[in-house]
Amino acid sequence: MSRSKRSPLLLGGLLAAAGVGHFVAPRRFDPLIPRALPGKPRTWTYASGAAELALAAGVALPRTRRAAARAAAAFFVGVFPANVQMAVDWRHRPAPLRAAALARLPLQVPLVLWANGIAKNTETPS
């Protein structure tokens, strides 16, 4: 399998792992939910985990890959406020944790580009 053929599966695996993580360890994700969002953070944690699992399935399947990859790119942009929230909230934590929180901010760019690249390189289903 070529690298380009593996790329959607790798992105799907990343999304699936993150999605499962939201259900297995929701307390890790709850504090990342921006306080401006209505409702309980746990609801948003589970909703984002479910979205990641759905995107993972969509990216893995050739028939839905293009649309799911575009949706994944939009999702990565949409969760950027949570990464900003984490960076703000963790500004007084030890240096390694602060660095990890700050590193998440520019990480969104390659994720968006990766998902967009998959969408562009996916053949239209017959």
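Structure: see above.
Definitions and cut-offs
- Residues numbered from 1 in each chain as written.
- Predicted model: local features only at pLDDT ≥ 70, side-chain atom pairs only at ≥ 80, totals over all residues.
- Heavy atoms only, no water.
- Core = buried A, V, L, I, M, F, W, Y, C linked by side-chain atoms within 4.5 Å.
- Buried < 20%, exposed > 50% of the residue type's maximum accessible area, 1.4 Å probe, protein only.
- Helix = DSSP H or I, 4+ residues; strand = E, 2+ residues; numbered from the N terminus.
- Contact = heavy atoms within 4.5 Å.

1. Some points on the nonpolar core
Formed by 16 residues in total, the largest nonpolar core has its most connected members in Leu11, Leu15, Leu55, Val59, Ala72, Phe76 and Ala115. Of all the secondary structure elements, the ones that give two or more residues to this core are helix H1 (3-24), helix H3 (41-60), helix H4 (65-78) and helix H6 (95-120). Per-element tally for this core: the top contributor is H4, with 6 residues. Residues Phe29, Met86, Trp90 and Ala101 belong to the second largest nonpolar core, which totals 5 residues.

2. Topic: the environment of Ala73
Note that Ala73 resides in helix H4. Taking relative accessible area as the criterion, Ala73 reaches 5% and is therefore assigned buried. For Ala73 and Val112, which are 39 residues apart along the polypeptide, the C-alpha to C-alpha distance reads 4.5 Å. Non-local contacts of Ala73, meaning those with residues more than four positions away in its chain, are made with Val112, Ala115 and Asn116.

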